[in-house]
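If you want the building blocks of each chain, they are given just below.
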Amino acid sequence: MTRKYDAIIVGAGHNGLVCAAYLAKAGKKVLVLERRHLVGGAAVSEQIFPGFTFSSCSYVVSLLRPKIIRDLELTKHGLHILPLETTFNPYLDGTYLLRGVDAASTRREISKFSKRDAEVAPLFSQAMAELSRLIKPIIDSPAPDLGSLKPSNLFELLRMGRILKDAGDDWVAANLKMMTMSAADFLSEWFESEKLIAPMAASGIIGTFLGVRSPGTAYVLLHHYMGEIDGSFRAWGLPKGGTGSISNAIAASARALGVEIRTEAPVKHVLIKNGEAKGVVLENGDELHAAAVVSGADPHRTFLNLVGEKELEPDFVTQIKRFRMRGSSGKVNLALDRLPSFKCLPGAGLHLQGDITVAPGIDYLERAYDDAKYGDFSKKPFMNIVLPSVTDPDVAPPGKHVMSVFVQYAPYHLKEGPDAWPSKREAFGDAVCDVIEELAPGFKSSILHRHVLTPWDLEKTYGLTEGNIFHGELSVEQLAFLRPAAGWARYRTPVKKLWMCAAGTHPGGGIMGTPGALCASMMLSEGAA
Amino acid sequence: MSSFDALIIGAGHNGLAAAITLQKRGRRVLVLEARSVAGGLCAAREFHPGFTAPGVLHDTFEVRAPLLDALGLAQHGLSLRDADVPVHAPTSKDKGFILAHDPERSQLGEDQAGYAELCRVADAARGALSTALDAAPPPMIPGQVSDFFDFAKLGLSLRALGAKDLYGFLRMLPMCIADLTRDHFKNETVMAALAGATLLDEYVGPWSAGTAARWLLQRAVSGKEVAGGPAALVRALKASLESAGGSVRTGARVAALLVEKGQVVGVKLEGGEALRAGLVGVAIAPRALLPLLPPHALPLNVFDELSRVRARGTSAKVHLALEAPIETRGGRHERLRMGDSLDDLERAFDAIKYRQLSRAPALDVRQPTVADLSLAPRDKAVASIWVNFAPYDVDGGWSDDRRKAVLDAVLARIERYDAGIRQKVIAAEVLDPKTLEAEYGAPNGNVHHAEMSLDQLLFMRPTLRLAHYRTPVEGLFLCGSGSHPGGGVRLAPGWLGARAALEGWAS
């Protein structure tokens, strides 16, 4: 068979699509193969119930890099991000905190609990923005390899050293603290009111198998602060039409650049001859050949399933097996007859337009984590709720609403084993709804449909190993030059001409697009495709 | 008014090490100790008539042989034991395990090979780590050519590991000990025994990131122990200091530091006596410095950093006077770690997050009488036990009932491995974190003076601006466990602090 493609990309998740678009932009002939019937991977919009469109998995956007939006002209291809400005935190004692309406009201709101914290909050945001700027150049380029003495690599290290040197001791120290401290400890250095600390700390645990008191969670906090829309820091948004519209915009951009995308084309394995990737074999037996193969699947799936242990050195296999991918979160998608009315702030209002965080205390969050540590879902979980239909009415029938509830913790490894999830799925959904009912009485009676996604479902339906939404935990030993394996953090793999382009590589998960873009640029600079 | 060249506040092991270092360089030194005896947490403690614990801190495997020489301790009766003392991890079913520094001397059943491999990678970096722990902390960002040179040297010594081990080592650094041990071991008791080494007075459980580094750093400086334990070490330190001409004054609690024009000039004792000296070393907890200084003596940013140093006491100490030593199915051992599994340790940690006592605490036990019969009456025994965890700010406060609850939990744990323990107990004392604070000045009961978390190590210990021992007040320097390389019985903070002070403030 003659060679047809310059590159075949396995998986039409957002990173695979970004990678494909950049390669095509450089004139390469690219084919993207997707197992499911739609593109997007974990960034999809699905009409789970007639008339109700859900961002079934990933539900907000913050980290998508502005450069990618510009380079791929995503706005032209239909990307429209609606701002998600307010953050509403209801507490079990009947009080609430509503931030983000405007600076003056945020200040008033925080003063309800602590005048001092209200003064400190703007300074904190500035400090976080500064820290993000320090990290940004490191996030935006491939991870330098501390174990390599190549001149280009030493130069990279020197460049990063210079960034740190110019920043000065104080900023670097602050950064080191962020890398090593717990979110709760770090925030307690700034703030005194638990009503503020708890919901802020909660953003440090999203997608991790850690608690707010676990060292290392302060860093994740920063990761979430790095979100930017059109260059403005700390702005979250809801893509109009759901997160699937991001994937659709990237796919449209890719197609316009000549990329061929095939859905319902599951790949069985990567075709390897003499240690070199030659193409892929589909489930239906078809062989497709290409000069390079790029995997958009997670590291476990890529190496243990698509490549196979026999093609790899035992040491590398051990490293991949030790790459931790414990899923810890679930998702509850609800179709509602009416908006919820919170006991602490009844009726509709700005507080329902933004994100609603149920994180009423440090101990509450920590107990939620304790349940998960010993193999159970949180009886009283942490939740991040959005009601996209409030700002984007097209996603629900007139007068009705969709509610997306991100829930933590839901450990993949239940003490009875992951396969016990189907029998616990609804109990998990009940635990979620019970907490919301407590905060918003009458909520349960407004539910028209309920769709519960456990980590087990995320694995089975969306191909996320162990249900890990970031393709591998974002712990320090799994970042930068160690993501996903030492020596293989620059999108290359031990199999020649096989590349990785998804969240299992530097700089990691979230709808960022950076792994896909960096993979494409590495491939192009090395003439690989 | 008496006059000295240097005063050291606190006659713990680090204070004494600092004093000797200065005295040997010709300074006239007086060490001021608030308690009635020198030695601090290393001093012998007769907790029941005839029964003595050789120090509240009970391990000495972290003292470094070159330092013992530099401080002249061998001439003053100090001797090292032939080898490290292995740790016995008992189980309720069989003879349990032996965890020695040397994998060859360990008895770990099916985990023997896993431990050997783990130690191989850890020890490959031993040179680089122990270098970092024997010297003043490296600068965070290399600024001068000489710093670059030091960095390059460190880099090269790490490079010597070879790429594979280097990666293995770098990956270990930020990990939690639970993940690390699960990568290498199969048996939960073995995992718990190794993880148990990282818990003392930290606010972490085995699932907390950074605990692997704690083990690595501990292993890098581990060596032979001092014969006679910490008490023998401080006896030798005191003798060495006195033979060099220095002295220790007990019952002398410092009430204030005297500062004139940005320079320390002495101290005022409780009772009003003033002592003058151009150098003052602080071997007590770094934060305890703040109330001793006059207002505005430190720049605001230094003050701010110092007031944020985390030191939460999380461990209690129990001393048992026993009719006979604790004896498990594996026999009598000098060191034992008790905790059945990683989850068992983690549950013990969970309790303190909610200010509760651990129902089933993890224990780090030493039976000093196995090696030293002089510590108890004939045929009797002493057990020295660190209990993890018991929080300083326990819900409801510390009381006799709480201390009794700690003792009960400890005996219940030991009972799993030695059914007769309760009949052996002659007397017991419980030192809760509040008591450790009141008696030994350990801040919040934390015997390391500042938690040894990753953000409070190296050039961040105790804070960024105070990591090089000298404070912004000329003549005033840190020389206690709150400084690099930190807590445990190490001596290096005292020695390095004094050397930094000798370099002067001009630069």
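The structure displayed is predicted, hence computed values, not measured ones.

Calculation rules
- Along every chain, residues carry numbers that run from 1 in the direction the sequence is written.
- Each chain is given a letter, starting from A, and each ligand a number, starting from 1, according to the order in which they appear as written.
- Side-chain atom pairs in this predicted model are given and counted only at pLDDT of 80 or more, local residue features only at pLDDT of at least 70, and totals for whole chains, interfaces and linings cover all residues.
- Hydrogens are left out, water is left out, and the side-chain values use all remaining heavy atoms of the structure.
- Segments assigned H or I by DSSP are reported as helices when at least four residues long, segments assigned E as strands when at least two residues long, and all are numbered from the N terminus.
- Classification of residues uses two cut-offs on accessible area relative to the type maximum, computed with a 1.4 Å probe and protein chains only: under 20% is buried, over 50% is exposed, and between them is partly exposed.
- Between two residues, a contact is recorded if the distance between any of their heavy atoms is within 4.5 Å.
- For any pair of parts, buried area is found by adding up, for both, the accessible area (1.4 Å probe) each one loses once the two are put together.
- Salt-bridge detection follows one rule: a side-chain nitrogen of Lys or Arg within 4 Å of a carboxyl oxygen of Asp or Glu.
- Polar contact is defined as a pair of N or O atoms within 3.5 Å, subject to the rule that within protein one atom must be able to donate a hydrogen and the other to accept it, and that residues adjacent in sequence are counted only when both atoms are side-chain atoms.
- The quantity known as pLDDT measures the predictor's confidence residue by residue, on a range of 0 to 100.
- Note: two strands are recorded as paired if DSSP finds a minimum of 2 bridges between them.
- With its strands directed away from the observer, a crossover is right-handed exactly when the path from the first strand over the helix to the second travels clockwise.
- The axes are straight lines fitted to the C-alpha atoms, using for helices just the contacting stretch, and the angles between their N-to-C directions are given from 0 to 180°.
- When an angle is under 35 degrees it counts as roughly parallel; over 145 it counts as roughly antiparallel; between 65 and 115 it counts as roughly perpendicular; any other value is oblique.
- Note on residue categories: nonpolar means Ala, Val, Leu, Ile, Met, Phe, Trp, Tyr, Cys or Pro, charged means Asp, Glu, Lys or Arg, and polar means any other residue, Gly included.
- The split into domains, and so the bounds of each, comes from an automatic or database assignment of domains.
- Stacked, tilted and edge-to-face are the three classes assigned to paired rings of Phe, Tyr and Trp, where Trp is represented by its six-membered ring and a pair needs centres within 6.5 Å; plane angles under 30 degrees give stacked, over 60 edge-to-face, the rest tilted.

Peer 1: Let's hear about the side chain of D179 of chain B: which residues, and what values?
Peer 2: Mapped onto the secondary structure, D179 of chain B falls in helix α7 (residues 177-184). Given a relative accessible area of 5%, D179 of chain B falls into the buried group. The residues touching D179 of chain B, leaving out its near neighbours within four places in the chain, are R324, R326 and E477 of chain A together with W207 of chain B.

Peer 1: Describe the interface of chain A and chain B, listing the residues and the values that go with them.
Peer 2: Contact with chain A, which involves 37 residues of that partner, is made by 35 residues of chain B. The three residues of chain A that bury the most area against chain B are R322, Y374 and E477 of chain A, which together make up 18% of that side's buried surface. Measuring nitrogen to oxygen at the nearest pair gives 3.5 Å for the salt bridge that ties D185 of chain A to R310 of chain B. Counting across the interface, chain A meets chain B through 17 residue pairs in polar contact (both at pLDDT 80 or more). Going through the elements one at a time, α5 (151-167), α6 (169-180), α7 (183-190), α12 (314-322) and α13 (362-373) of chain A are the ones with two or more residues in the side of chain A that touches chain B.

Peer 1: Tell me what's going on with the confidence of the model for chain B, and back it up with residues and numbers.
Peer 2: On average, residues of chain B carry a pLDDT of 93, and 96% of them reach 70 or more. Both scores are available for the predicted complex, with the pTM at 0.92 and the ipTM at 0.87.

Peer 1: How would you sum up α7 of chain A? Please name residues and give values.
Peer 2: Extensive coverage of α7 of chain A is indicated by the burial of 6 of its 8 residues. Among the residues of α7 of chain A, A183, A184, D185, F186, L187 and E189 of chain A are the ones counted as buried.

Peer 1: Go over the pairing of strand β1 (residues 6-9) of chain B, please, and point to the residues and values.
Peer 2: Residues and elements named next belong to chain B. Here β1 shows two buried faces, one formed by A6 and I8 and the other by L7 and I9. Here β1 pairs with strand β11 (residues 279-282) via 4 bridges, running parallel. Residue pairing in the sheet places I9 in a bridge with V282 of β11. Of the strand pairs in this sheet, β1 and strand β2 (residues 29-32) are connected by 4 bridges, and their pairing is parallel. If you follow A6 over to β2, its bridge partner there is V29. One crossover worth recording links β1 to the parallel β2 by way of helix α1 (residues 13-24), and it is right-handed.

Peer 1: Please provide a residue-by-residue account of the packing of helix α4 (residues 115-139) of chain A against α7 of chain A, values included.
Peer 2: All names here are of chain A. Contact geometry of α4 with α7 gives a least axis separation of 9 Å together with a crossing angle of 120°. In terms of orientation, α4 lies oblique with respect to α7. Counting all contacts with α4, which are made through R116, D117, V120, L123, F124, A127 and M128, the residues of α7 involved are F186, L187 and W190. Of the residues in the contact of α4 with α7, the class split is 8 nonpolar, no polar and 2 charged.

Peer 1: How would you sum up the domain arrangement of chain B? Please name residues and give values.
Peer 2: Size of an interface: often given as the accessible area lost when the parts come together. All names here are of chain B. Domains assigned within chain B are domain 1 (2-42 + 60-79 + 227-310 + 449-504), domain 2 (96-221) and domain 3 (315-440). Taken over C-alpha atoms, the centre of domain 2 sits 27 Å from the centre of domain 3. The interface of domain 2 with domain 3 comprises 24 residues on the first partner and 17 residues on the second. Here domain 2 packs against domain 3, burying approximately 1,600 Å² in sum over the two surfaces, 64% of which is carbon and sulfur.

Peer 1: Can you explain the packing of aromatic side chains? Please cite residues and give values.
Peer 2: Scanning the entire structure with this criterion turns up 17 aromatic pairs over all chains. For the pair F88 of chain A and Y96 of chain A, a centre-to-centre distance of 5.9 Å together with 55° between the ring planes defines the contact as tilted. Residue F88 of chain A shares its accessibility class with Y96 of chain A, and that shared class is buried. A ring pair is formed by Y115 of chain B and F185 of chain B, whose centres lie 6.3 Å apart and whose planes are at 50°; its orientation type is tilted. Taken together, the positions of Y115 of chain B in helix α3 (residues 112-124) and F185 of chain B in the loop between α7 and α8 (188-195) put the pair 70 residues apart, joining distant regions of the chain. Each residue in the set F88, Y96 and F342 of chain A is aromatic and connected to the rest through ring pairs, giving one cluster.

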